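# A structural walkthrough
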Amino acid sequence: MTDRYAVFGNPIAHSKSPQIHAAFAAATAQDLRYEALLAPLDGFAGAVADFVAAGGRGANVTVPFKEEAFRLATRLSPRAARAGAVNTLVFSGAGILGDNTDGAGLVHDITRNLTVDLAGKRILLLGAGGAARGVIQPLLAEAPAALHIANRSADKAVALAQAFADLAAVSGGSFSDLAGLPFDVVINATSASLAGEPLPLPTGLFAPGCLAYDMMYGKGETPFLAQARLAGAARCADGLGMLAEQAAEAFLVWRGVRPATAGVLATLRAALAG
Ligand code: NDP
């Protein structure tokens, strides 16, 4: 029988996950079906229960349900427990396992696809929301020289840094604290681009050879990457690779095989350019 998987979100029609997982299934000869399911804003748990009752084996979870999925899970992977959010669910007789593949996806994209080694690098993470929180532990696992978090609401960045202080030296503060601090990798995990607002970044932020990475992606250059390029970032990358890699990581959790992403990434990139 064909195994069923789904992504839950609201809205969800825009999701590229069904296309990505269909490509992965074809490439790895796995017999599965993956669909996008709209969950009511007040009915996420019910929608998941219905899917499980209908034979669902696993699911991805996107905006705005990642925290609710965290609470719904009966068991958590260590990385999901740290992230405080779940983007991947596994349904079995043992209950609901909650995992989070966003951070692994980001790190895989940076270190493998972009071939940037994070060991010994000075990393700046912009933003202190759910996406930022989800990637901190996987970034620290790469043994950077430093990880600093900057956020519009500085108190949130400081609190987030403290939440991971047992793992490594992590610091947090406001954008104005960044003056005179160069970084080797600058990752935008804010949603400022959605509002079309530039970030208040000081000059000299991008060290020579710096990679600027925007978790956001879209048609053309994102506002953050345009800002970074003008400010001297040597390399720029958007979050399309992270999207494909977090999906590959979820596929691995469900099926025990990690699909190659280059083909699907090229297809997604071409669709955005078209
Ligand atoms: P949240 O709403 O949880 O957090 C938003 C963050 O952006 C906060 O730190 C907030 O600061 C900051 N922010 C919002 N507006 C501005 C602004 N005008 N100026 C400066 N900072 C601002 O969102 P998420 O963390 O869930 O998502 C963040 C981004 O990451 C989104 O663009 C999302 O699409 C992307 N993403 C991409 C993924 C991928 O696979 N490529 C996966 C997950 C997320 P404050 O605390 O002060 O409000």
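Quick summary incoming for the structure in this document.

### Observations concerning the site of the ligand
Around the ligand sit 22 residues in total, of which Ala131, Asn151, Ser153, Lys156 and Glu197 are the nearest. In this structure, an oxygen atom belonging to the ligand sits 3.0 Å away from a main-chain N or O atom of Ser191. A distance of 2.8 Å separates a nitrogen atom of the ligand from a polar side-chain atom of Glu197. Taking 950 Å² as the accessible area of the ligand by itself, protein coverage stands at 76%. Elements supplying a minimum of two residues to the shell around the ligand: helix H6 (130–140) and helix H9 (240–255). A per-class count over the shell around the ligand returns ten nonpolar, eight polar and four charged. The residue makeup of the shell around the ligand includes at least three contributed by each of domain 1 (3–100 + 241–273) and domain 2 (103–238).

### What to know about the packing of helix H1 (residues 17–28) against H9
Put simply, H1 and H9 touch, their axes get as near as 10 Å, and they point 55 degrees apart. As judged from the angle between their axes, H1 and H9 are oblique. Between H1 and H9 the crossing geometry is right-handed. Packed against H1, whose contacting residues are Ile20, His21, Phe24, Ala25 and Thr28, the element H9 presents Leu243, Ala244, Ala247, Ala248, Phe251 and Trp254 at the interface. Residues that form the contact of H1 with H9 fall into these classes: nine nonpolar, two polar and no charged.

### Thoughts on the side chain of Thr190
The topology assignment puts Thr190 in the loop between strand E10 (183–188) and strand E11 (206–214). The buried category is assigned to Thr190, whose relative accessible area is 17%. Not counting residues within four places of it along the chain, the set of residues in contact with Thr190 comprises Leu126, Gly127 and Leu199.

### A short note on the sheet that holds strand E4 (residues 75–76)
Ordered by their spatial adjacency, six strands build an open sheet running E2-E1-E3-E5-E6-E4, and the pairing between neighbours is mixed. Both edges of this open sheet fall to strand E2 (32–38) and E4, since each of them pairs with a single strand only. Of the strands in this sheet, strand E1 (3–9), E2 and strand E3 (56–61) touch H1, which is tilted by about 175 degrees from E2. Along the sheet, H9 makes contact with E1, E2, E3, strand E5 (88–92) and strand E6 (95–99), crossing E5 at roughly 10 degrees.

### Points about the nonpolar core
Membership of the largest hydrophobic core comes to 29 residues, with the highest contact counts inside it found for Leu106, Leu125, Leu139, Ile149 and Ile187. Elements that contribute at least two residues to this core include exactly helix H5 (102–113), strand E7 (122–126), H6, strand E8 (146–150), helix H7 (154–163), E10 and E11. The element best represented in this core is H6, accounting for five residues. Counting 22 residues, the second largest nonpolar core, distinct from the first, contains Phe24, Leu97, Ala250 and Phe251.

### Some points on the pairing of E10
Burial of E10 is extensive: six of the six residues sit out of reach of the surface. Two elements, E7 and E10, share four bridges in a ladder whose sense is parallel. The residue of E10 that forms the bridge with Ile123 is Val185. Here five bridges tie E10 to E11, and the two strands are oriented parallel to one another. Note that in E11 the partner of Ile187 across the bridge is Tyr213.

Each value, and the rule that gives it
Residues numbered from 1 in each chain as written. Predicted model: local features only at pLDDT ≥ 70, side-chain atom pairs only at ≥ 80, totals over all residues. Heavy atoms only, no water. Near = heavy atom within 4 Å. Polar contact = N/O pair within 3.5 Å; in protein donor to acceptor, adjacent residues only side chain to side chain. Areas by Shrake-Rupley, 256 points an atom, 1.4 Å probe, with all protein chains shown as cover. Helix = DSSP H or I, 4+ residues; strand = E, 2+ residues; numbered from the N terminus. Nonpolar A, V, L, I, M, F, W, Y, C, P; charged D, E, K, R; others polar. Domains from an automatic or database assignment. Axes fitted to C-alpha atoms, helices over the stretch in contact; angles between N-to-C directions. Parallel < 35°, antiparallel > 145°, perpendicular 65-115°, else oblique. Left-handed = near helix turned anticlockwise from the far one by under 90°. Contact = heavy atoms within 4.5 Å. Buried < 20%, exposed > 50% of the residue type's maximum accessible area, 1.4 Å probe, protein only. Pairing = 2+ DSSP bridges. Core = buried A, V, L, I, M, F, W, Y, C linked by side-chain atoms within 4.5 Å.

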